[in-house]
Amino acid sequence: MSKHSSHTVSIDLAERSYDIRIGSGLLREDGLFDGLPRATSVLIVSNVTVAPLYAATLQSALEKKYSRVFTLALPDGEAHKNWQTLNLIFDTLLEQGCDRKTLLVALGGGVVGDMTGYAAASFMRGVPFVQVPTTLLSQVDSSVGGKTGINHPRGKNMIGAFYQPLRVVCDLDTLMTLPDRELSAGLAEVIKYGPIADLQFMDWLEQNMDRLLARDVDAVAHAVRRSCEIKAWVVAQDEREGGLRAILNFGHTFGHAIEAGMGYGAWLHGEAVGCGMVMAAHLSRRLGLVDANFVARLQALIVRAGLPVVGPELDAKDNAGRYLELMRLDKKSDAGEIKFVLIDGPSKAVVQAAPDALVREVIDACCRPA
Ligand code: NAD
Ligand code: GLY
């Protein structure tokens, strides 16, 4: 990726406000960590795939400011986003004699970022942390906004905390080593911002999808920047998801059921969200909220991003029943009633319940046997 001038998106959360820096070559830039607090030690938390690629560069950058910096490489994958792996972070922090002035730095995708954030929220009741996201998905979504946590075998992201980082550093160069399938998964979370908040951005994505798939630096920079701006705008209004923030979960209610139902890691998070957006769009249409043309347009964009749009069969006997059972565990559910993020006309989202019979029809229409 060639050099691209960097941008900063700020997220306004009073005393928890911070900057999201976006650009190529950031990890090699002087002064990257200026302004962060002094720390007795720094633990970079990464995984066995990302650490060999970027940990040494990040460690050198941090050593310009901090005297004691070390790296932990966790096992890779969504299947490891659990208590056992989280405990490896605590084990290392304690073995290394870390204290309340230790800084945690997450280097990796959303799995590493969510786990490191949760470790930072709970180690010694809270230590500072920085996000250095290295997947498209984590640069446009998971590193921003302070949702941290781990999965439970019964449900996705069931255990966690809201805990904001001090800074987010999105070095676009890291996306050059991302496998194509992961790039597509990240595009799902980019696409979601169009139907829920910004129709012009959806138009832009339709015009520039080929450039994004080719990793054109200007196109990727624009997609990351606009996604972060929209996410920052939403989170600044509703940090702890009392209402508005739920719209960021468009496609996630169906998507989380796919991830949990298939076994974590079988479908990538972004793939499940892409397919889940198609299902949520069809449900919106059946409820009379949006017309068939818009659903077809969204589905076509998701297909162009290289994402699946046909849901997997989770149960041979009662597939829709299994989806419903898993979706009732969703954090938005209220007394067992599932709340869906639906599109209420282009670029507007609502959160509401839907009759089970209608949801069953959508699942039947959108799924096929494995
Ligand atoms: P991931 O963290 O599993 O990363 C995907 C894969 O890419 C992994 O194998 C990883 O090792 C590899 N990888 C990462 N960076 C790389 C690079 N630069 N080059 C080569 N390989 C690289 O998955 P993800 O899609 O980044 O994140 C998904 C997770 O994020 C899910 O657990 C999801 O629940 C979570 N999430 C959280 C939020 C939030 O607000 N906290 C939002 C969306 C998603
Ligand atoms: N990814 C959804 C949220 O941050 O709220």
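Coordinates for the structure precede this section.
Residue numbering note: each chain is counted from 1, following its sequence as written. Chain letters and ligand numbers both follow the written order, the letters beginning at A and the numbers at 1. Reporting in this predicted model follows two pLDDT cut-offs: at least 70 for local features of residues, and 80 or more for side-chain atom pairs to be given and counted; totals over whole chains, interfaces and linings ignore these cut-offs and use all residues. Each side-chain value is worked out from all heavy atoms of the structure, with water and hydrogens disregarded.

> Looking at this structure, I do not really get the overall build of the chain. What am I missing?
Secondary structure summary: the chain contains 12 helices and 13 strands in total. A compact globule built from 370 residues should have a C-alpha radius of gyration of about 21 Å, and the chain, at 20 Å, falls within 12% of that. Summarising its shape, the C-alpha atoms of the chain cover approximately 60 × 40 × 40 Å along the three principal directions. In this scheme, a residue with accessible area under 20% of its type's maximum is buried, one over 50% is exposed, and one in between is partly exposed, where area comes from a 1.4 Å probe on protein chains only. The burial tally for the chain puts 57% of its 370 residues in the buried class. Note on conventions: DSSP H or I runs of at least 4 residues are helices, E runs of at least 2 residues are strands, and numbering of each starts at the N terminus. Taken over C-alpha atoms, the radius of gyration is set against a globule rule of 2.2 Å times the number of residues to the power 0.38.

> Is there a simple way to explain the packing of aromatic side chains in this structure?
Each aromatic ring pair is characterised by the separation of its centres together with the angle its planes make. Note on aromatic contacts: the rings of Phe and Tyr and the six-membered ring of Trp form a pair at centre separations within 6.5 Å, being stacked when their planes are under 30 degrees apart, edge-to-face when over 60 apart, and tilted otherwise. Applying the stated criterion across every chain yields a total of four aromatic pairs. Both rings, one in Phe129 and one in Tyr163, keep their centres 6.0 Å apart while their planes meet at 15 degrees; by these two values the pair is stacked. Placement of the pair is Phe129 in strand β6 (residues 129–133) and Tyr163 in the loop between β8 (155–162) and β9 (167–171), with a sequence separation of 34 residues. Look at Phe129 and you get buried, because its relative accessible area is 1%.

> Could you clarify how one ought to interpret the site of ligand 1 in this entry?
Around ligand 1, a shell composed of 28 residues is seen, among which Glu78, Lys81, Thr134, Thr135 and Thr177 lie nearest. Two N or O atoms count as a polar contact when they lie within 3.5 Å, although within protein this holds only if one can serve as hydrogen donor and the other as acceptor, and sequence-adjacent residues are included solely when both atoms are side-chain atoms. Within the backbone of Gly110, an N or O atom sits 2.8 Å from an oxygen atom of ligand 1. One of the side-chain N or O atoms of Asn157 is found 3.3 Å from an oxygen atom in ligand 1. Residue exposure ignores everything except the shown protein chains as possible cover, and the areas themselves are Shrake-Rupley values with a 1.4 Å probe. When ligand 1 is considered free in solution it has 870 Å² of accessible area, and contact with the protein chains removes 92% of it. Those elements that provide at least two residues to the shell around ligand 1 are α1 (51–63), α3 (110–122), α4 (136–142), β8 and α5 (180–197). Split into classes, the residues belonging to the shell around ligand 1 amount to seven nonpolar, 11 polar and 10 charged. Here a residue is considered near a molecule or strand provided that any single heavy atom belonging to it is located within 4 Å of it. Amino acids are sorted into nonpolar (Ala, Val, Leu, Ile, Met, Phe, Trp, Tyr, Cys and Pro), charged (Asp, Glu, Lys and Arg) and polar (every other residue, Gly among them).

> What should I look at first to understand the nonpolar core in this one?
A general tendency of soluble globular proteins is for nonpolar side chains to be buried together. For the purposes of this section, nonpolar cores are sets of buried Ala, Val, Leu, Ile, Met, Phe, Trp, Tyr and Cys residues that join through side-chain atoms within 4.5 Å. Of all hydrophobic cores here, the largest spans 85 residues; its most connected members are Met279 and Met327. In terms of residues, this core owes the most to one element, helix α7 (residues 217–237), which gives 11 residues. Only heavy atoms matter for contacts: two residues are in contact if any of them lie within 4.5 Å across the pair. Aside from chain neighbours lying at most four places away, what touches Met279 is Phe254, Ile258, Tyr323, Val362, Ile363, Cys366 and Cys367. Among the nonpolar cores identified, the runner-up in size contains 22 residues, and Leu26, Val50, Leu58 and Ala61 belong to it.

> What am I meant to see in the environment of Gly311 here?
Inspection of the secondary structure puts Gly311 in strand β10 (residues 311–312). Sequence spacing of Gly311 and Cys367 is 56 residues, and the spatial spacing of their C-alpha atoms is 4.2 Å. Non-local contacts of Gly311, meaning those with residues more than four positions away in its chain, are made with Trp267, Cys275, Tyr323, Cys366, Cys367 and Arg368.

> Sorry, what's going on with the pairing of strand β12 (residues 349–352) here?
One ladder, built from four bridges, connects strand β11 (residues 340–343) with β12; its direction is antiparallel. Residue pairing in the sheet places Ile343 in a bridge with Ala349 of β12. Here β11 folds back onto β12, and the loop between the two strands holds five residues, one of which, Gly345, carries a positive phi near 90 degrees. Any two strands between which DSSP finds at least two bridges are classified as paired.

> It is not clear to me how helix α9 (residues 269–286) should be interpreted in this structure. Could you clarify?
Working note: α-helix, 3.6 residues per turn, so residues spaced by three or four point in the same direction. Here α9 contains 18 residues, and its C-alpha end-to-end distance of 25 Å stays within 8% of the 26 Å for a straight helix at 1.5 Å per residue. Gly288 sits one or two positions beyond α9 and adopts a positive phi of about 80 degrees. Under the convention used throughout, the expected extent of a helix is 1.5 Å for every residue step, that is, one less than its residue count.

> Is there a simple way to explain the sheet that holds strand β3 (residues 41–47) in this structure?
Strand pairing in a sheet relies on backbone hydrogen bonds, with the paired strands running either antiparallel or parallel. In spatial order, the strands read β1-β2-β9-β6-β5-β3-β4; together these seven strands make up an open sheet with mixed pairing. With one partner strand each, in any of the chains shown, β1 (7–11) and β4 (69–74) form the two edges of the open sheet. Between one strand axis and the next, the sheet turns by 20 degrees as a mean value, whatever way the strands run. Axes here mean lines fitted to C-alpha atoms, for a helix over just the part in contact, with angles spanning 0 to 180 degrees between N-to-C directions. Set on the sheet, α1 makes contact with β3, β4, β5 (102–108) and β6; between it and β3 the angle comes to about 165 degrees. Packed onto the sheet, α3 meets β3, β4, β5 and β6 and runs at close to 165 degrees relative to β5.

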